[in-house]
Amino acid sequence: MSNSPISFEFFPPQTNEGVEKLTLARGKLAALNPEFFSVTFGAGGSTRDRTLETVTQIKAEGFDAAPHLSCVGSTRENIRAILKTYQDAGISRIVALRGDLPSGMATAGEFQYANELVEFIRAETGDHFHLEVAAYPEFHPQAKSAHDDILNFKRKIDAGANSAITQYFYNADSYFHFMDECQKLGITAPIVPGIMPIVRFSQLARFSDACGAEIPRWMRKTMEGFGDDNESVQAFGRDIVTRMCERLLAGGAPGLHFYTLNQSAPCIRIIEGLSL
Ligand code: FAD
């Protein structure tokens, strides 16, 4: 098991049953002594109340909670009100994002990119919040070029972000290359790899197609070959992801952030399997 800082990401549950399941999962993950739990935010504010409820619950359990906050489609007034609510709730860390509006939803809003949100939060609340931003070792799907994407990432750091969490990936070299490029630009903020445990191949393939994270061909082919045998998919995924986490930490990654999908077991198996 690793001594590096770890954090876990949840989505805000929609039902009472979901809330109970998440409370149980969180209890198990808490035993691993995470640095914080983060909670996603539906673009356009669709989960605003549920994100707040979930982070409030996490705080009440005595853990550091970091709500995500996406700005696309929002006004300054909306964001100002949310920041105030978070400050009043004792929150001191935010994951600041642009977000993606669902297709068909109007884009009228006062923020275009996440660097503008970071700048706004700093202008409104000074150093109150530790700000995390997103980074893309395999590059954001809308980026004009790889280099542009890194320059755009730098804008967020220059605007006042303290650290970053990456989109998930299954190719450690993409992370190391990204780190080298950031270093060349003088970026010293910690960039923590985002880790997606493999639970179901069809679900992972869907997510990956949407967010531009690559499932390497050899992994895709192997998992396709397992067909309905999900146990084999999970055993294969656990092994691959655990070895990748070891490589990332050995290569200098400052911690690991897990996309839990509100499940504890897949993350626990990976973390317990780390031999560092
Ligand atoms: P930005 O940093 O604004 O980048 C978006 C695109 O615009 C990139 O292609 C970039 O190169 C380009 N760009 C950036 N700045 C400029 C500029 N000034 N001029 C020109 N081009 C620019 N989504 C949610 O809705 N809710 C969540 O809770 C959520 N959590 C996430 C957590 C993590 C760790 C990650 C990695 C992603 C998360 N996402 C979430 C997804 C995220 O909102 C999408 O990936 C979104 O498309 C981009 O958000 P961003 O903050 O990276 O945007």
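Residues numbered from 1 in each chain as written. Predicted model: local features only at pLDDT ≥ 70, side-chain atom pairs only at ≥ 80, totals over all residues. Heavy atoms only, no water.

(A) The pairing of strand β2 (residues 36-39), seen in detail. Burial along β2 is two-sided: the face carrying Phe36 and Ser38 and the face carrying Phe37 and Val39 are both buried. Relative to β2, strand β1 (residues 6-10) runs parallel, the two sharing four bridges. Each bridged residue has a counterpart across the sheet, and for Phe10 the counterpart in β2 is Val39. In this region the chain leaves β2, passes through helix α2 (residues 48-60) and returns to the parallel neighbour strand β3 (residues 65-70); the handedness of that crossover is right-handed. (Buried < 20%, exposed > 50% of the residue type's maximum accessible area, 1.4 Å probe, protein only. Helix = DSSP H or I, 4+ residues; strand = E, 2+ residues; numbered from the N terminus. Pairing = 2+ DSSP bridges. Right-handed = clockwise from strand over helix to strand, strands pointing away.)

(B) Spotlight on the packing of helix α3 (residues 76-88) against helix α4 (residues 114-125). Interaxial distance between α3 and α4 falls to 11 Å at its minimum, and their mutual angle equals 55°. On the basis of their axis angle, the class for α3 and α4 is oblique. In this structure, the crossing between α3 and α4 has a hand that is right-handed. Residues Arg76, Ile79, Arg80, Leu83 and Gln87 of α3 form the contact with α4, whose participating residues are Leu117, Phe120, Ile121, Glu124 and Thr125. Its residues assigned to classes, the contact of α3 with α4 shows five nonpolar, two polar and three charged. (Axes fitted to C-alpha atoms, helices over the stretch in contact; angles between N-to-C directions. Parallel < 35°, antiparallel > 145°, perpendicular 65-115°, else oblique. Left-handed = near helix turned anticlockwise from the far one by under 90°. Contact = heavy atoms within 4.5 Å. Nonpolar A, V, L, I, M, F, W, Y, C, P; charged D, E, K, R; others polar.)

(C) Quick peek at the pattern of salt bridges. In this structure the tally under the stated criterion is 16 salt bridges. Note that Arg80 and Glu77 form a salt bridge whose closest N and O atoms lie 2.7 Å from each other. One end of the pair, Arg80, and the other, Glu77, are both in helix α3, three residues apart, so they sit about a helical turn from each other. A residue is classified by how much of its surface remains accessible, and Arg80, at 32% relative accessible area, is partly exposed. Its salt-bridge partner being Asp158, residue Lys154 comes within 2.9 Å of it at the nearest N-O pair. Pair noted here: Lys154 and Asp158 are both in helix α5 (residues 146-158), with a separation of four residues, about one helical turn. Residue Lys154 is classed as partly exposed on the basis of its relative accessible area of 23%. Its relative accessible area of 54% is what places Asp158 among the exposed residues. Several salt bridges share partner residues, and in doing so they unite Glu35, Asp64, Arg93 and Glu132 into one network. (Salt bridge = Lys/Arg side-chain N within 4 Å of Asp/Glu carboxyl O.)

(D) Seen up close, the packing of aromatic side chains. All told, the structure shown has twelve aromatic pairs when counted by the stated rule. Here the aromatic rings of Tyr175 and Phe176 are separated by 5.7 Å at their centres, their planes lie at 70°, and the arrangement is edge-to-face. Put simply, the rings of Phe8, Phe10, Phe37, Phe63 and Phe258 touch in pairs and so form one group of aromatic residues. It is Arg76 that lies over the ring of Phe111; its NZ or CZ is 5.8 Å from the centre. (Phe/Tyr/Trp six-rings, centres within 6.5 Å; stacked < 30°, edge-to-face > 60°. Lys NZ or Arg CZ within 6 Å of the ring centre and 35° of its normal.)

Geometric values such as these leave the question of function open.
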